[in-house]
Amino acid sequence: MNIDYPLPEQLDGLKALWQEAFGDEDAFLEHFYTRGFAPDRCRCVTVDGQIAAALYWFDCSYQGKPLAYLYGVATAKSHRGKGLCRNLVENTHSHLKYLGYAGAILVPAKDGLFQMYEKMDYAPCASV
């Protein structure tokens, strides 16, 4: 297992993982990977050279402190239940701290994910 920024040749693997995890159409993926994606705001797990998990972030701030808004956190179905997401998030937290971020926020897509992220020290901070 390796955790790092994606390499250019791994872009197709990232797209395939995103599509598997979120079901978005090719048009969305093309738009995202040409306009919203930045390799220096993405971390991925590779297992035997293949993309097994990934996450992305946008820069944001709160009370003047830089934060990373994590999104698109996904693990390939064939690699779920092996702790890859936890390892990826923990590694990314350390990396973001090294880069000078004060913290990270995220918005789980499903209620069941709140428990998973609480085990990674996330806590609900607001609701609408």
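Residues numbered from 1 in each chain as written. Predicted model: local features only at pLDDT ≥ 70, side-chain atom pairs only at ≥ 80, totals over all residues. Heavy atoms only, no water.

Caption draft 1: Region of the structure containing the overall build of the protein. When helices and strands are tallied, the protein shows four helices and five strands. Ordered by position in the sequence, the α and β elements of the protein form the string β-α-α-β-β-β-α-β-α. The buried share of the protein, taken over its 128 residues, is 38%. Taking as baseline every contact in the protein between residues at least 6 positions apart, the subset at least 24 positions apart corresponds to 59%. Surface accessibility of the protein: about 8100 Å² in total, with carbon and sulfur atoms responsible for 51%. (Helix = DSSP H or I, 4+ residues; strand = E, 2+ residues; numbered from the N terminus. Buried < 20%, exposed > 50% of the residue type's maximum accessible area, 1.4 Å probe, protein only. Contact = heavy atoms within 4.5 Å. Areas by Shrake-Rupley, 256 points an atom, 1.4 Å probe, with all protein chains shown as cover.)

Caption draft 2: Structural context of the sheet that holds strand β2 (residues 42–47). Ordered in space as β1-β2-β3-β4-β5, the five strands form an open sheet in which the pairing is mixed. At either margin of the open sheet sits one strand with a lone partner, and together these are β1 (2–4) and β5 (103–106). Looking at each pair of strands side by side, their axes are set apart by 25° on average, direction ignored. Here nine bridges tie strand β3 (residues 50–62) to strand β4 (residues 65–75), and the two strands are oriented antiparallel to one another. Bridge pairing in β4 links Cys60 to Leu67. (Pairing = 2+ DSSP bridges. Axes fitted to C-alpha atoms, helices over the stretch in contact; angles between N-to-C directions.)

Caption draft 3: Fine view of the packing of aromatic side chains. Tallying each qualifying case throughout the model produces 17 aromatic pairs. When the ring of Phe32 is compared with that of Tyr33, the centres are 4.8 Å apart and the planes differ by 85°; the resulting orientation is edge-to-face. Given the relative accessible area of 7%, Phe32 is considered buried. Both rings, one in Tyr33 and one in Tyr56, keep their centres 6.3 Å apart while their planes meet at 70°; by these two values the pair is edge-to-face. With Tyr33 in helix α2 (residues 26–36) and Tyr56 in strand β3, the pair connects residues that are 23 residues apart, well separated along the chain. Judged on exposure class, the residue Tyr33 and its partner Tyr56 are both buried. Within the aromatic cluster, the residues linked to one another by ring pairs are Trp18, Phe22, Phe28, Phe32, Tyr33, Phe37, Tyr56, Phe58, Tyr69 and Tyr71. Seen from the ring of Tyr5, Arg43 lies directly overhead, with NZ or CZ sitting 5.1 Å from the centre. (Phe/Tyr/Trp six-rings, centres within 6.5 Å; stacked < 30°, edge-to-face > 60°. Lys NZ or Arg CZ within 6 Å of the ring centre and 35° of its normal.)

Caption draft 4: Examining the side chain of His95 more closely. As for its placement among the helices and strands, His95 is situated in helix α3 (residues 84–99). Assessed through its relative accessible area of 16%, His95 is described here as buried. For His95, the residues in contact, after removing those within four places along its chain, are Tyr5 and Arg43.

On their own, these measurements won't tell you what the molecule is for.
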